[in-house]
Amino acid sequence: MNIKYNRRKFLVIDDFSEMRKAIKRMIEAFGGVDIDEAKDGKQAIHLMEKRHFNIVLCDYNLGEEKNGQQILEEAKHRNLLKSYDIFIMITAETSTEMVLSAIDYKPDDYISKPFTRNALKLRLDRVAIRKAEFMDIDLALEQQDYARALTVCDQRIESGSRNYFGLLKVKGEILLQAGEYQAAQEIYQQVLDEREQPWAKLGLGQSCYYLKDYAGAERQFQELLNENRLNMDAYDWLAKLREAQGDSTAAQEVLMGATKLSPKSMNRQKDLGQLAYRNEDFSIAEKSYRTVVRLGKNSYLKSVDNHHWLAKSLTANGSDTEALQVLRNARKEFRQSDDEIRQSAMLEGTVLQKLGRDDEAQKAIARASSIGNSGQPASAADTALEQARFHIEMGEKDKAVEILKRIVRNHHDDEEVLARVQELFDEMGLGDEGGEIVTSIKDEMVQLNNKGVRLAREGQLNEAIMLFEEAVQGMPDNRVINLNAAQVLIMHMEENGVNEKHKRQSWEYLERVAKIEPENEKYRALVKMYHKLSS
Amino acid sequence: MTKSTEKLDFETILASSIHDMKNSLGMLLNSLDELVSSLDGRDSARSGKLTTLQLEAKRVNNNLIQLLALYRMGSGKYAVNISDHYMTDFFGEALVEFYPLLENSGVQLEMDCPEDLQWFFDENLLMVVITNILNNISRYTRDRVRVSAGEKDGWLVIQIDDNGDGYPEQLLDLPGRIISGVDIQTGSTGLGLYFSATAARTHTCRGREGFISLSNSGTLGGGCFSLHLP
């Protein structure tokens, strides 16, 4: 098959100009004409912002600043590279470092230096053909249209595609994402019956995990590790398994073992830090977050959140002065959202109090409160609970109660959150009143919800839509309300045809639920219905 | 608290040095490649000499990759990556540069493999193995080399046949054993075969382990290198 490269837009990223020129000449030799160059991440991203490239060839090692993987992450995250564009990482050797990381975005392929023109062309051809085959599937997945993605997979498999195993692998992944764990398990078992392959074992383990067959999951992950002690996915999932089994100490140990083998994996270190903090092993938490902050230096995905966690770990370890320094550095380094500024100020206040610097502590607290009044108040459960706790510690009961009420309104059906809310009421010595407040708000929410559902059932869709829209304004994070709001809109469209505004609106509500609980069955069902509307 | 000056472990030193050397080799190979294409088939004497240089550079490069891989496998740091590959695609990439290189040395290279034959192995490791054999084969063969693959009794069998005088006695019995000293005639230390044997062994399936073997009853009348993968 002869692929035409004269229409594709190439970008070559390498810090050596000789190398860039050599690659450019290679591409020209097999038909490429539109080839841009960049010497580092900054230039590369700048170019990608201005032009849409189809094929990017990028050296992994680019000196002190961003490396190839970080460029890929930023490009994907910001949608500068679409799912059908090609990104090939040029590596100096069989990129062990990358294989060991828990990366979110993988390059389409690797090619190791030195390579000649023919080798490059063959590799590119291979990737291009594969991409073409998977393009429809990738696009469907972007829209979370699992039904369509699966249909295309099956079609391709049926027609005897050479990518037989690749398609089955993707099929398994789609089924897992769509929550069809039984079906996923069958696919993986089918593959294993044909030939034992690591990805199929992993998939089978994941299916078992979701089906709560923990013994089965364990068997797969252990087998994988016996075959290859550097199988990082197996470690990550074994840790998840331990957590599900309620043994977070063991989970932490697994992750610690894994990070010894792959210390440079930012995601894994973050997971370890979180886990260690929850297990109150603050020295490990501190160590992990230090690594995360260091590794994240050039990454687009770096977040002030990591600095906050480092500060929390430090202060938990008694290193208050350093914690303060970290917070101050973070303030300088990041342009923070209101939420983040408030969090940072709250943390500073707590630390300063511990250090006995009460004046400064008061100032920080004042800063935190002032932001709380102006911007959109935080209603995501964890942040809000923390905010409430903070006000309680500062002796500001009224403010705390306000926030707690808001939390209940946004999470009236989440027993875990309500339990924590009750705990905070108890702390303030307002246990009984708190209980009453929670119950009455719950009732209010349930009634509101029922009213909306009744209206919808009686066919008064417009009234139902209005009711839920108003409700969503008041409690934007409420999962149930968002789901119902989306549902009535979809019902309306099923009866009366698709309306752009309704379509956009319903998708917005669905996205909010995706952020909270993507595994929610009703959410998944609604997404299916949403996609059916388009076809 | 971490020590401010930590001793660099040897693997890092090795990897960095190799990285450096590969960069130089890369430039070298690129320049040679361009020189050869600029000759465009004329001046066969120059072409031939350049080919020899290319082969030597490729040998050095492959030895570096081997070195690093062996070190990693030995210290349990090699992340083996087994996935499915079509043999024709794999050979396509492995052989692409050897066609012209061997032709310039007067050797005809053939590939013989079913279009739909698919197997499961670590592409990187096998690439090194094939490159190794082909790098050295012009010393063994007269004027023909055939690379073939097929399935037999649940094994993938890859064979590289030549029509030379065959492999020396000592290599036939235990091909994976490193010979002490250097074979003066061929310049071989047996390191390549040692690597091939090790790479083969990392491929296991349902209790069976890969292996290599050498024989002098090849289909072209000379030597035969074969690699069995489960």
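Conventions adopted
Residues numbered from 1 in each chain as written. Chains lettered and ligands numbered in written order. Predicted model: local features only at pLDDT ≥ 70, side-chain atom pairs only at ≥ 80, totals over all residues. Heavy atoms only, no water. Helix = DSSP H or I, 4+ residues; strand = E, 2+ residues; numbered from the N terminus. Buried < 20%, exposed > 50% of the residue type's maximum accessible area, 1.4 Å probe, protein only. Polar contact = N/O pair within 3.5 Å; in protein donor to acceptor, adjacent residues only side chain to side chain. Contact = heavy atoms within 4.5 Å. Pairing = 2+ DSSP bridges. Axes fitted to C-alpha atoms, helices over the stretch in contact; angles between N-to-C directions. Buried area = accessible area lost by both parts, 1.4 Å probe. Salt bridge = Lys/Arg side-chain N within 4 Å of Asp/Glu carboxyl O. Nonpolar A, V, L, I, M, F, W, Y, C, P; charged D, E, K, R; others polar. Patch = residues over 30% accessible without salt bridge, like charges linked within 9 Å, V, L, I, M, F, W, Y side chains within 5 Å. Areas by Shrake-Rupley, 256 points an atom, 1.4 Å probe, with all protein chains shown as cover. Lys, Arg positive; Asp, Glu negative; His and termini not counted. Charge placed at Lys NZ, Arg CZ, Asp CG, Glu CD. Expected span 1.5 Å × (residues − 1). Parallel < 35°, antiparallel > 145°, perpendicular 65-115°, else oblique. Left-handed = near helix turned anticlockwise from the far one by under 90°. pLDDT = per-residue confidence, 0-100.

1. Regarding the side chain of A:Lys113
Argument step 1. Tracing the chain through its elements places A:Lys113 in the loop between strand 5 (109-112) and helix 5 (117-142).
Argument step 2. Taking the relative accessible area as the measure of exposure, A:Lys113 reaches 6% and is therefore buried.
Argument step 3. Of the polar contacts made by the side chain of A:Lys113, one reaches the side chain of A:Asp59; its length is 2.7 Å.
Argument step 4. Those residues in contact with A:Lys113 that sit more than four places away from it in its chain are A:Asp14, A:Met19, A:Asp59, A:Ile90, A:Thr91, A:Ala92, B:Lys22 and B:Asn23.

2. As for the pairing of strand 5 (residues 155-162) of chain B
All names here are of chain B.
Argument step 1. For strand 5, the tally of buried residues reaches seven of eight residues, placing the bulk of the element in the interior.
Argument step 2. Pairing of strand 4 (residues 144-152) with strand 5 involves eight bridges; the strand directions are antiparallel. Across the sheet, residue Arg146 finds its bridge partner in strand 5, namely Asp161.
Argument step 3. Hairpin remark: strand 4 followed by strand 5, antiparallel, with two residues in the connecting loop; positive phi at Asp153, about 50°.

3. Description of the environment of B:His85
All names here are of chain B.
Argument step 1. Along the chain, His85 falls in strand 1 (residues 82-86).
Argument step 2. Sequence-wise, His85 and Ile130 are 45 residues apart; in three dimensions their C-alpha atoms are separated by 15 Å.
Argument step 3. When neighbours within four sequence positions are excluded, His85 is seen to be in contact with Leu117, Gln118, Trp119, Phe121 and Glu123.
Argument step 4. Within the structure, His85 has its side chain in polar contact with the side chain of Ser83 (distance 3.1 Å).

4. Concerning the sheet that holds strand 4 of chain B
Residues and elements named next belong to chain B.
Argument step 1. Strands sit in the order 2-4-5-9-8 across an open sheet of five strands; the sheet is mixed. Every interior strand has two partners, whereas the edge strands, strand 2 (108-112) and strand 8 (211-215), have only one. When strand polarity is set aside, the average angle formed by the axes of neighbouring strands in this sheet is 15°.
Argument step 2. In this structure, strand 5 lies alongside strand 9 (residues 224-229), joined through six bridges in antiparallel fashion. Each bridged residue has a counterpart across the sheet, and for Leu156 the counterpart in strand 9 is Leu229.
Argument step 3. Packed onto the sheet, helix 3 (residues 87-95) meets strand 2, strand 4 and strand 5 and runs at close to 155° relative to strand 4.
Argument step 4. Most of the contacts of helix 5 (residues 123-140) go to strand 5, to which it runs at about 20°, and overall it touches strand 2, strand 4, strand 5 and strand 9.

5. Let's talk about the interface of chain B and chain A
Argument step 1. Each partner contributes to the interface: chain B provides 36 residues, whereas chain A provides 35 residues.
Argument step 2. For the pair chain B and chain A, the summed buried area comes to about 3200 Å², and 50% of that belongs to carbon and sulfur atoms.
Argument step 3. On the chain B side of the contact with chain A, B:Glu93, B:Phe120 and B:Arg206 bury the most area, a combined 17% of that side's loss.
Argument step 4. Along the contact surface separating chain B from chain A lie seven salt bridges.
Argument step 5. Across the pair A:Arg123 and B:Glu93 runs a salt bridge, and its minimum N-O distance is 2.8 Å.
Argument step 6. Secondary structure elements with two or more residues in the side of chain B that touches chain A: helix 1 (10-39), helix 2 (44-74), strand 1, helix 3, strand 3 (118-122) and helix 5 of chain B.
Argument step 7. Among the elements that take part in the side of chain B that touches chain A, helix 1 of chain B stands out by supplying 10 residues, more than any other.
Argument step 8. Grouping the amino acids of the side of chain B that touches chain A by side-chain chemistry returns 13 nonpolar, 11 polar and 12 charged.

6. Points about a negative patch on the surface
Residues and elements named next belong to chain A.
Argument step 1. Where like charges cluster on the molecular surface, the negative patch consists of Glu423, Asp426, Asp432, Glu433 and Glu436.
Argument step 2. Contributing elements (two or more residues each) for the negative patch: helix 21 (415-427) and helix 22 (431-457).
Argument step 3. Broken down by element, the residue count for the negative patch peaks at three residues, all from helix 22.
Argument step 4. Within the secondary structure, Asp426 sits in helix 21.

7. What about helix 19 (residues 381-393) of chain A?
All names here are of chain A.
Argument step 1. The end-to-end C-alpha separation of helix 19 is 18 Å, in line with the 18 Å expected for 13 residues at 1.5 Å each.
Argument step 2. Every buried residue belonging to helix 19 is among Ala381, Ala384, Leu385, Gln387, Ala388, Phe390, His391 and Ile392, and all of these are buried.
Argument step 3. Once helix 19 ends, the next one or two residues include Gly395, with phi positive near 80°.

8. Focus: the packing of helix 23 (residues 461-474) of chain A against helix 24 (residues 479-496) of chain A
A pair of packed helices is characterised by two quantities: the angle between their axes and the separation of those axes.
Residue and element names in this part refer to chain A.
Argument step 1. In the contact formed by helix 23 and helix 24, the axes pass within 9 Å of each other and the chain directions differ by 150°. Compared by their axis directions, helix 23 and helix 24 come out roughly antiparallel. For the crossing formed where helix 23 meets helix 24, the hand is left-handed. Only Ile481, Asn482, Asn484, Ala485, Val488, Leu489, Met491, His492 and Glu495 of helix 24 make contact with helix 23, whose side of the interface consists of Leu461, Asn462, Ala464, Ile465, Phe468, Ala471 and Val472.
Argument step 2. A per-class count over the contact of helix 23 with helix 24 returns 11 nonpolar, four polar and one charged.

9. Describing the confidence of the model for chain B
All names here are of chain B.
Argument step 1. Looking at chain B as a whole, the pLDDT averages 84, with 90% of positions reaching at least 70.
Argument step 2. By mean pLDDT, the top-scoring element of chain B is strand 5 (96), and the lowest-scoring one is helix 6 (residues 169-173) (75).
Argument step 3. Scoring of the predicted complex yields 0.80 for pTM and 0.85 for ipTM.

10. What about unusual backbone geometry?
Argument step 1. With an omega of -5°, the peptide bond running from A:Lys113 to A:Pro114 counts as cis.
Argument step 2. Topologically, A:Pro114 is positioned in the loop between strand 5 and helix 5.
Argument step 3. The phi dihedral of A:Asn79 falls on the positive side, at around 60°, and the residue is not glycine.
Argument step 4. Along the chain, A:Asn79 turns up in the loop between helix 3 (68-77) and strand 4 (86-91).
Argument step 5. A:Asn79 gets classed as partly exposed once you look at its relative accessible area, which sits at 45%.
Argument step 6. Phi at B:Arg206 is positive, roughly 45°, even though this residue is not glycine.

11. Topic: helix 20 (residues 397-410) of chain A
Residues and elements named next belong to chain A.
Argument step 1. In this model helix 20 runs 20 Å from its N-terminal to its C-terminal C-alpha over 14 residues, within 8% of the 20 Å that 1.5 Å per residue would give.
Argument step 2. Buried within helix 20 we find Ala400, Val401, Ile403, Leu404, Ile407, Val408 and Asn410.
Argument step 3. Packing partners of the buried residues in helix 20 comprise helix 19, helix 21, helix 22 and helix 24.

12. Brief notes about the pattern of salt bridges
All names here are of chain A.
Argument step 1. In total, this model carries 50 salt bridges over all chains according to the counting rule given.
Argument step 2. For Asp59, the salt bridge is made with Lys113, and the minimal N-O distance between the two is 2.7 Å. You can see Asp59 sitting in strand 3 (residues 55-59) and its partner Lys113 sitting in the loop between strand 5 and helix 5, a full 54 residues away along the chain. Each member of the pair, Asp59 as well as Lys113, carries the same accessibility label: buried.
Argument step 3. Ionic pairing is found between Asp125 and Lys121, a salt bridge with its closest N-O pair at 2.9 Å.

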